[in-house]
Amino acid sequence: MRKKILVALGTRPEAIKMCPVILELKKSTLFKTVVVITGQHREMLDEVLKLFQVKPDYDLDILKNSQSLIQKFSEIINGMEKVVDCEQPDLTLVHGDTLTAYATALTCYFKRKAIGHVEAGLRTYNLREPFPEEFVRQSIGIVAKYHFAPTEQAKQNLIKEGKKSNIYVTGNTAIDALRYTVQEKFFHPFLEDVKDRKIVLVTLHRRENWNGPIESVLRAIKRIANEYLDEVSILYPVHKNPYIQSVAKTILEKCENVKITEPLDVVACHNIMARSYCILTDSGGIQEEAPYFGKPVLVVRNVTERVEGVEAGTLKLIGTDENVVYENFKQILENQELYKNMSKSINPYGNGQSGKQIVDILEKEIEKEEEKEI
Ligand code: UDP
């Protein structure tokens with residue numbers, strides 16, 4: 001009989017990184033795959049599922065923008081309990097560090113159901129940064145049976161924490177997703193307007209950067225935009241959160257060469273990234289995708305769990321101080337030697353076959369278990 005694998009997801013980045021795994025699972029004759037979404041990022045999630053043609057079996061549709069983290073958590077856990085009771089999965093796969101992943105893992109743990117953690121072992125060892133993601137990752141690591149680590153470094157983190165078995169280095173499924181999104185010919189109104197100016201993609205949304213740091217980064221961006229009016233075009237797709245929308249508009253609204261937009265659909269985001277000069281971000285996923293394109297990234301955070309990209313030289317961790325961000329931004333625009341070195345670094349996050357590797361490992365594991373039962 002086919003083993004049942006439940007896959008839970010709720011946010012845009014989870015969907016981008018889990019759809020390649022779901023598509024591989026669906027090819028396997030050993031598994032029946034059941035997909036449950038929570039709708040943690042409603043529209044942004046639906047758009048990614050449509051792109052990958054993944055149809056959820058359950059849509060908990062439980063999250064509204066104004067809910068607190070705790071309200072969201074309790075709604076997910078209530079909904080997930082019903083799904084797990086009804087489906088009785090042999091294994092549940094969760095991804096990374098979201099509330100959906102955390103609540104699902106906890107539900108499965110209490111029901112003594114096996115959990116597989118995709119993108120396991122990322123750590124800053126600072127429970128405040130990123131918040132609450134670091135806590136979520138560590139917690140899922142405690143209860144997971146299978147750990148799919150994107151890099152050797154992530155595997156070593158898990159080993160240091162005392163995990164002894166079922167840790168596999170598979171690369172990051174973010175790179176798999178790029179095979180579905182990147183197009184040789186791609187048109188977007190922003191690209192038409194840019195002419196020969198350097199494109200800089202900006203994304204800022206991290207919770208720990210709210211109320212202070214984000215304003216300081218935006219002021220640095222404003223200074224650069226004004227100074228390089230004819231040389232640089234900045235695109236800033238702003239997260240839907242009302243606070244971020246408001247600060248972005250207030251600080252940058254008068255900058256002619258800064259285009260503030262709604263979040264980009266993932267195809268536009270990846271293709272514009274591929275055509276950018278550099279990227280300034282506090283996003284996690286973009287720190288993994290940009291090295292694939294050889295695009296330098298200024299990471300406006302104090303700590304990063306994507307240390308491989310920093311070691312490879314593509315990512316530069318610069319914090320959020322206005323003057324430091326301004327100086328680093330200016331340097332990357334002016335210093336061609338630095339720019340060249342950052343752009344030629346290699347991508348440490350895998351070869352785009354991570355989803356297949358995860359499914360191959362699970363198939364072998366299932367076969368081993370069946371042999372034991374005979
Ligand atoms: N992304 C997107 N549109 C945007 C901004 C980001 O499709 O306007 C994609 C990005 O390419 C990456 C993912 O969303 O794949 C990262 O999401 P986000 O930065 O929201 O979350 P994080 O990775 O920090 O959890």
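Refer to the structure presented above.
All values derive from a computational prediction rather than experimental measurement.

A. The arrangement of a negative patch on the surface in detail. A cluster of acidic residues, Asp230, Glu231, Glu256 and Glu334, forms a negative patch at the surface. Topologically, Glu256 is positioned in the loop between helix H10 (242-252) and strand S10 (258-261).

B. Structural context of the packing of helix H3 (residues 69-87) against helix H4 (residues 99-110). Viewed as axis vectors pointing N to C, H3 and H4 meet at an angle of 45 degrees, and their least axial separation amounts to 9 Å. As far as their axial angle goes, H4 and H3 are oblique. Seen from above, H3 lies across H4 with right-handed handedness. Here H3 contributes Leu69, Lys72, Phe73, Ile76, Ile77, Met80, Glu81 and Val84 to the contact with H4, which in turn contributes Leu99, Thr100, Tyr102, Ala103, Thr104, Leu106, Thr107 and Cys108. Split by residue class, the contact of H3 with H4 holds 11 nonpolar, 3 polar and 2 charged.

C. View of the site of the ligand. If you check the shell around the ligand, you find 17 residues, and the closest are Leu264, Ser283, Gly284, Gly285 and Glu289. One nitrogen or oxygen atom from the side chain of Arg12 is found 3.0 Å from an oxygen atom belonging to the ligand. A distance of 2.8 Å separates an oxygen atom of the ligand from a polar backbone atom of Leu264. Bound to the protein, the ligand loses 93% of the 530 Å² it would expose on its own. Of all the secondary-structure elements, those providing two or more residues to the shell around the ligand are helix H1 (12-27), helix H11 (266-274) and helix H12 (285-293). Split into classes, the residues belonging to the shell around the ligand amount to 9 nonpolar, 5 polar and 3 charged.

D. Region of the structure containing the nonpolar core. In terms of nonpolar packing, the biggest core is built from 35 residues, with Leu204, Leu218, Ile221, Ile234, Tyr236, Leu280 and Phe329 touching the most fellow members. At the level of secondary structure, the elements contributing two or more residues to this core comprise strand S8 (198-203), helix H9 (213-227), strand S9 (232-237), H10, strand S11 (278-281), helix H14 (322-334) and helix H15 (336-343). Among the elements that take part in this core, H9 stands out by supplying 7 residues, more than any other. Listed in part, the 30 residues of the second largest apolar core include Ile16, Val21, Leu91 and Leu93.

E. View of the pattern of salt bridges. Enumeration over the complete set of coordinates arrives at 28 salt bridges. Across the salt bridge formed by Lys17 and Glu119, the nearest N and O atoms sit 2.6 Å from each other. Highlighted residues: Lys17 in helix H1 and Glu119 in the loop between strand S5 (115-118) and helix H5 (133-143), separated in sequence by 102 residues. Here Lys17 and Glu119 have matching classes, each one buried. Because the salt bridges share partners, they merge into one network encompassing Lys17, Asp97, Glu119, Glu134, Arg137, Glu288, Arg301, Glu305 and Arg306.

F. The sheet that holds S11, seen in detail. Taken in spatial order, the 6 strands line up as S10-S9-S8-S11-S12-S13 in an open sheet, and their pairing is parallel. Lying at the two open borders of the sheet, with one neighbouring strand each, are S10 and strand S13 (315-317). Within the sheet, the average angular offset between the axes of one strand and its neighbour, ignoring direction, is 20 degrees. Sheet topology places S11 next to strand S12 (residues 297-299); 3 bridges connect them, and they run parallel. The partner of Thr281 across the bridge, within S12, is Val299.

G. Structural context of the pairing of strand S2 (residues 31-37). Buried residues dominate S2, accounting for 6 of its 7 residues. Of the crossover connections in this fold, the one passing from strand S1 (residues 3-9) over H1 to the parallel S2 is right-handed. Pairing analysis gives 2 bridges linking S2 to strand S3 (residues 58-59), with the strands arranged parallel. Of the residues in S3, the one forming a bridge with Ile37 is Asp59.

H. Summary view of helix H7 (residues 173-181). Most of H7 is tucked away: 7 of the 9 residues are buried. What H7 keeps buried is the set Thr173, Ala174, Ile175, Asp176, Ala177, Leu178 and Thr181.

I. Inspection of the environment of Pro296 at higher detail. Among the secondary structure elements, Pro296 is positioned in the loop between H12 and S12. On a C-alpha basis, the gap between Pro296 and Met18 in space is 25 Å, while along the polypeptide they are 278 residues apart.

J. How the structure looks around the sheet that holds strand S7 (residues 167-169). One open sheet holds the 7 strands; their spatial order is S3-S2-S1-S4-S5-S6-S7, and the pairing between them is parallel. Both edges of this open sheet fall to S3 and S7, since each of them pairs with a single strand only. Relative to S5, H5 is tilted by about 140 degrees, and along the sheet it contacts strand S4 (91-95), S5 and strand S6 (146-149).

K. Expanded view of the pairing of S5. Here S5 shows a buried face lined by Ile115 and His117 and a second buried face lined by Gly116 and Val118. Pairing of S4 with S5 involves 4 bridges; the strand directions are parallel. If you follow Thr92 over to S5, its bridge partner there is Ile115. The parallel pair S4 and S5 is bridged by H4, and the resulting crossover is right-handed. Where S5 and S6 come together, 3 bridges link them in parallel fashion.

Procedures and definitions
Residues numbered from 1 in each chain as written. Predicted model: local features only at pLDDT ≥ 70, side-chain atom pairs only at ≥ 80, totals over all residues. Heavy atoms only, no water. Patch = residues over 30% accessible without salt bridge, like charges linked within 9 Å, V, L, I, M, F, W, Y side chains within 5 Å. Areas by Shrake-Rupley, 256 points an atom, 1.4 Å probe, with all protein chains shown as cover. Salt bridge = Lys/Arg side-chain N within 4 Å of Asp/Glu carboxyl O. Lys, Arg positive; Asp, Glu negative; His and termini not counted. Charge placed at Lys NZ, Arg CZ, Asp CG, Glu CD. Helix = DSSP H or I, 4+ residues; strand = E, 2+ residues; numbered from the N terminus. Axes fitted to C-alpha atoms, helices over the stretch in contact; angles between N-to-C directions. Parallel < 35°, antiparallel > 145°, perpendicular 65-115°, else oblique. Left-handed = near helix turned anticlockwise from the far one by under 90°. Contact = heavy atoms within 4.5 Å. Nonpolar A, V, L, I, M, F, W, Y, C, P; charged D, E, K, R; others polar. Near = heavy atom within 4 Å. Polar contact = N/O pair within 3.5 Å; in protein donor to acceptor, adjacent residues only side chain to side chain. Core = buried A, V, L, I, M, F, W, Y, C linked by side-chain atoms within 4.5 Å. Buried < 20%, exposed > 50% of the residue type's maximum accessible area, 1.4 Å probe, protein only. Pairing = 2+ DSSP bridges. Right-handed = clockwise from strand over helix to strand, strands pointing away.

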